[in-house]
Amino acid sequence: MANCCGDDLCKTDQPPAGRWRLALWLALAINAGMFAVEGAAGLMSGSASLQADSLDFLGDAANYAISLGVVGLALTWRARAALLKGATMLLFGGWVAGMTLWGVWKGATPEAPVMGAVGLAALIANVVTAVMLFRFRNGDANMRSVWICSRNDAIGNVAVMLAALGVLGTGTRWPDLAVAAVMAGLALQGGVQIVRHALAELKAAKAQPPRFQVAARHRA
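About the cut-offs
- Residues numbered from 1 in each chain as written.
- Predicted model: local features only at pLDDT ≥ 70, side-chain atom pairs only at ≥ 80, totals over all residues.
- Heavy atoms only, no water.
- Helix = DSSP H or I, 4+ residues; strand = E, 2+ residues; numbered from the N terminus.
- Buried < 20%, exposed > 50% of the residue type's maximum accessible area, 1.4 Å probe, protein only.
- Areas by Shrake-Rupley, 256 points an atom, 1.4 Å probe, with all protein chains shown as cover.
- Core = buried A, V, L, I, M, F, W, Y, C linked by side-chain atoms within 4.5 Å.
- Contact = heavy atoms within 4.5 Å.
- Expected span 1.5 Å × (residues − 1).
- Axes fitted to C-alpha atoms, helices over the stretch in contact; angles between N-to-C directions.
- Parallel < 35°, antiparallel > 145°, perpendicular 65-115°, else oblique.
- Nonpolar A, V, L, I, M, F, W, Y, C, P; charged D, E, K, R; others polar.
- Phe/Tyr/Trp six-rings, centres within 6.5 Å; stacked < 30°, edge-to-face > 60°.
- Lys NZ or Arg CZ within 6 Å of the ring centre and 35° of its normal.
- Left-handed = near helix turned anticlockwise from the far one by under 90°.

K.L.:
If you had to explain the overall build of the protein chain to someone new, which residues and values would you point to?
P.N.:
Check the secondary structure of the protein chain and you find seven helices and zero strands. Secondary structure elements in the protein chain, listed N-terminal to C-terminal, are α-α-α-α-α-α-α. In the protein chain, which comprises 220 residues, the proportion classed as buried is 48%. As displayed, the protein chain offers around 10,400 Å² of accessible surface, 70% of which is attributable to carbon and sulfur atoms.

K.L.:
Please set out the nonpolar core residue by residue, giving values where relevant.
P.N.:
Grouped together as the largest cluster of nonpolar side chains are 18 residues, with contacts concentrated most on Leu50, Ala52, Val96, Met115, Val160, Val179 and Met183. Looking at this core, the elements with two or more residues in it are α2 (48-69), α3 (75-106), α4 (112-133), α5 (141-170) and α6 (174-207). For this core, the element with the most residues is α5, which contributes five residues. Excluding its chain neighbours within four sequence positions, the residues that come into contact with Val179 are Ser49, Ala159, Val160 and Ala163.

K.L.:
Explain helix α1 (residues 17-45) to me, and be specific about the residues and the numbers.
P.N.:
The end-to-end C-alpha separation of α1 is 41 Å, in line with the 42 Å expected for 29 residues at 1.5 Å each. Residues of α1 that are buried include every one of Trp20, Ala23, Leu24, Ala27, Leu28, Asn31, Met34, Glu38, Gly39, Ala41, Gly42 and Ser45, and no others. Gly46 sits one or two residues past α1 and shows a positive phi near 75 degrees.

K.L.:
I'd like to hear about the packing of α2 against α3, residue by residue, with values.
P.N.:
Where α2 meets α3, the axes come as close as 11 Å, and the angle between the chain directions of the two elements is 170 degrees. On the basis of the axis angle, α2 is roughly antiparallel to α3. Touching Ala48, Gln51, Ala52, Leu55, Asp56, Asn63, Ile66 and Ser67 of α2 are Ala81, Leu84, Lys85, Phe92, Trp95, Val96 and Met99, all from α3. The residue inventory of the contact of α2 with α3, partitioned by class, reads ten nonpolar, three polar and two charged.

K.L.:
Describe the packing of aromatic side chains, naming the residues involved and giving the relevant values.
P.N.:
Going through the model one piece at a time under the given rule, you end up with zero aromatic pairs. One cation-aromatic arrangement involves Arg80 over Trp77; the distance from NZ or CZ to the ring centre is 4.6 Å. Taking the ring centre of Trp174 as reference, the NZ or CZ of Arg173 above it sits at 4.6 Å.

K.L.:
Before we move on, can you summarise the packing of α2 against α4 with the specific residues and values?
P.N.:
The relative placement of two packed helices comes down to the angle between their axes together with the axis-to-axis distance. The geometry of α2 relative to α4 is characterised by a closest axis approach of 11 Å and an angle of 25 degrees between their N-to-C directions. Between α2 and α4, the angle falls in the class roughly parallel. Seen from above, α2 lies across α4 with left-handed handedness. Note on element contacts: α4 touches α2 through Val114, Met115, Val118, Gly119, Ala122, Asn126, Thr129 and Leu133, opposite Ser49, Leu50, Asp53, Phe57 and Tyr64. Among the residues forming the contact of α2 with α4, the class breakdown is eight nonpolar, four polar and one charged.

Next up, the structure:
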């Protein structure tokens, strides 16, 4: 970070807290609902990629709830929330990677029609969420973390639908496992980005004189 005025510490054009809070509530409702739907479908169909995506919905719902808890707080607290979310994404990525490796040895061929239908529903849900959150993508680390989660989810849903076609065409579980591996990689990459951004903001906040920190709290 070249200087503090390239980040939230010195910005005065942050999105209104009311719009941010409303977007988070809507995103929370969408993700909690899709976790239930996709989780059940993943277990019934035997799809590793659907199960991975459902866990992603659960993680995102928790992330949105955390973000709602720090709306209006000082940058330091929002950066700490982003740091927690980044660590959660890293844990999620590791879990999905382990689940994928397990599926290589013990997995069965999933039901492609269920994968495709539920993947399409999840894609629609995530596109709606991503559109709502698009305006906040260049905000602080906390806002950026929410945008990255939504972006990764939409990419993952497209991949699940492609995996369904692959399973249908090959009659094997390998396309499903390949997509689950990609989703694990996206979660790990996104987690690293968020953690780095949050740590940079915390470092910048500590380096600022108290008067700048007070001003940042008033602008939040």
